[in-house]
Amino acid sequence: MKTLVLFYSTYGHIYKMAEAVAEGAREVADNEVVIKRVPETLPQEVLDKTGATGAQAAFAHIPVVTPNELTEYDAIIFGTPTRYGNLCGQMQAFMDSTGGLWATGALVGKVGSVFVSTATQHGGQETTIRSFHTELFHHGFVVVGLPYAWQGQMGHEEVTGGTPYGASTVAGGQGERQPSPNELEGARFQGRHTAEIARKLAVKE
């Protein structure tokens with residue numbers, strides 16, 4: 001079985017969540033887990049001015065995906081920052097490039113899941129995941145969330161991400177907050193849970 005953790009990250013928050021998702025997915029036996037990123041669409045000048053260039057150096061070694069690669073995986077777990085309650089432009093541009101896969105039904109029956117980051121606690125985590133789910137449904141994915149079996153989303157003692165739709169983190173208005181231990185544990189749970197669902201659905205030869 002193969003699982004792809006596919007992300008876009010501006011300042012590294014989603015990359016850290018992606019690593020935790022991959023850790024969880026690797027706990028499922030005989031599951032090959034790959035991390036890849038979608039292509040950047042912002043000009044280098046903009047990345048330099050916003051300070052993203054330095055942050056992105058931490059994951060510059062992660063290979064960039066191509067649309068046709070998606071067919072190689074049993075499960076795909078997508079990570080994206082939120083932009084006005086929706087996918088970031090880079091992830092949306094990549095999804096828009098998968099029309100050929102949609103036309104042939106190449107992704108029907110694969111397992112899909114989504115995790116996100118927002119600047120603020122109420123910055124559109126759930127709307128972004130639900131919006132992404134719509135695109136996955138159009139492709140025919142079996143969509144998996146983050147069930148309440150993970151109790152970390154039930155507490156109120158600390159500011160934390162975590163929704164029944166998928167793991168999430170709060171980055172802060174200036175990106176100053178890093179994913180908390182609780183948020184990373186939610187990401188690990190989601191990775192493991194999604195891979196377990198994919199294994200149950202896998203057709204044995």
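What this report covers is the structure whose coordinates are included nearby. (Residues numbered from 1 in each chain as written. Predicted model: local features only at pLDDT ≥ 70, side-chain atom pairs only at ≥ 80, totals over all residues. Heavy atoms only, no water.)

**Regarding the overall build of the protein**
Thought 1: Helix and strand counts for the protein stand at seven helices and seven strands.
Thought 2: When the elements of the protein are put in sequence order from the N terminus, they spell out β-α-β-α-α-β-β-α-α-β-α-β-β-α.
Thought 3: Across the 205 residues in the protein, those meeting the buried criterion constitute 49%.
Thought 4: Across the protein, contacts joining residues at least 24 apart in sequence account for 77% of those joining residues at least 6 apart.
Thought 5: Approximately 9500 Å² of the protein is accessible, and the part contributed by carbon and sulfur atoms is 54%.
Thought 6: The protein carries 15 positive and 21 negative side-chain charges, and their two centres are separated by 2 Å. (Helix = DSSP H or I, 4+ residues; strand = E, 2+ residues; numbered from the N terminus. Buried < 20%, exposed > 50% of the residue type's maximum accessible area, 1.4 Å probe, protein only. Contact = heavy atoms within 4.5 Å. Areas by Shrake-Rupley, 256 points an atom, 1.4 Å probe, with all protein chains shown as cover. Lys, Arg positive; Asp, Glu negative; His and termini not counted. Charge placed at Lys NZ, Arg CZ, Asp CG, Glu CD.)

**Re the packing of aromatic side chains**
Thought 1: Scanning the entire structure with this criterion turns up five aromatic pairs.
Thought 2: Their ring planes at 45 degrees and their centres at 5.0 Å tell us that Phe-78 and Phe-132 sit as a pair that is tilted. Of the two residues, Phe-78 sits in strand E3 (residues 75–83) while Phe-132 sits in helix H6 (residues 125–139), which places them 54 residues apart along the sequence. For the pair formed by Phe-78 and Phe-132, the shared burial category is buried.
Thought 3: Ring centres 6.1 Å apart and planes at 75 degrees place the aromatic pair Phe-78 and Phe-141 in the edge-to-face group. Here Phe-141 lies in the loop between H6 and strand E6 (142–143) and Phe-78 lies in strand E3, a separation of 63 residues in the sequence. Across this residue pair, the class does not change: Phe-78 and Phe-141 are buried.
Thought 4: Among the aromatic residues, those joined into a cluster by ring pairs are Phe-7, Tyr-15 and Phe-59.
Thought 5: Taking the ring centre of Tyr-73 as reference, the NZ or CZ of Lys-2 above it sits at 4.8 Å. (Phe/Tyr/Trp six-rings, centres within 6.5 Å; stacked < 30°, edge-to-face > 60°. Lys NZ or Arg CZ within 6 Å of the ring centre and 35° of its normal.)

**Some details on the environment of Tyr-8**
Thought 1: Summarising the element assignment, Tyr-8 is placed in the loop between strand E1 (2–7) and helix H1 (13–26).
Thought 2: A relative accessible area of 3% means that Tyr-8 is categorised as buried.
Thought 3: Linking Tyr-8 and His-122, residues 114 residues apart in sequence, is a C-alpha distance of 20 Å.
Thought 4: Those residues in contact with Tyr-8, other than ones at most four positions away along the chain, are Ile-14, Val-38, Glu-40, Gln-56, Gly-79, Thr-80, Pro-81, Cys-88, Gln-90 and Met-91.
Thought 5: Separated by 3.4 Å, the side chains of Tyr-8 and Gln-56 make a polar contact.
Thought 6: Within polar-contact distance, the side chain of Tyr-8 engages the side chain of Gln-90 at 3.1 Å. (Polar contact = N/O pair within 3.5 Å; in protein donor to acceptor, adjacent residues only side chain to side chain.)

**Some points on the packing of H1 against helix H7 (residues 181–201)**
Thought 1: One way to put it is that H1 packs onto H7 with a least axis distance of 6 Å and a crossing angle of 45 degrees. Here H7 runs oblique to H1, going by the angle between their axes. With respect to the hand of their crossing, H1 and H7 are arranged in right-handed fashion. Listed contacts from H7 to Lys-16, Met-17, Ala-20, Val-21, Glu-23, Gly-24 and Ala-25 of H1 are Glu-183, Leu-184, Ala-187, Arg-188, Gly-191, Arg-192 and Ala-195.
Thought 2: For the contact of H1 with H7, a count of residues per class yields seven nonpolar, two polar and five charged. (Axes fitted to C-alpha atoms, helices over the stretch in contact; angles between N-to-C directions. Parallel < 35°, antiparallel > 145°, perpendicular 65-115°, else oblique. Left-handed = near helix turned anticlockwise from the far one by under 90°. Nonpolar A, V, L, I, M, F, W, Y, C, P; charged D, E, K, R; others polar.)

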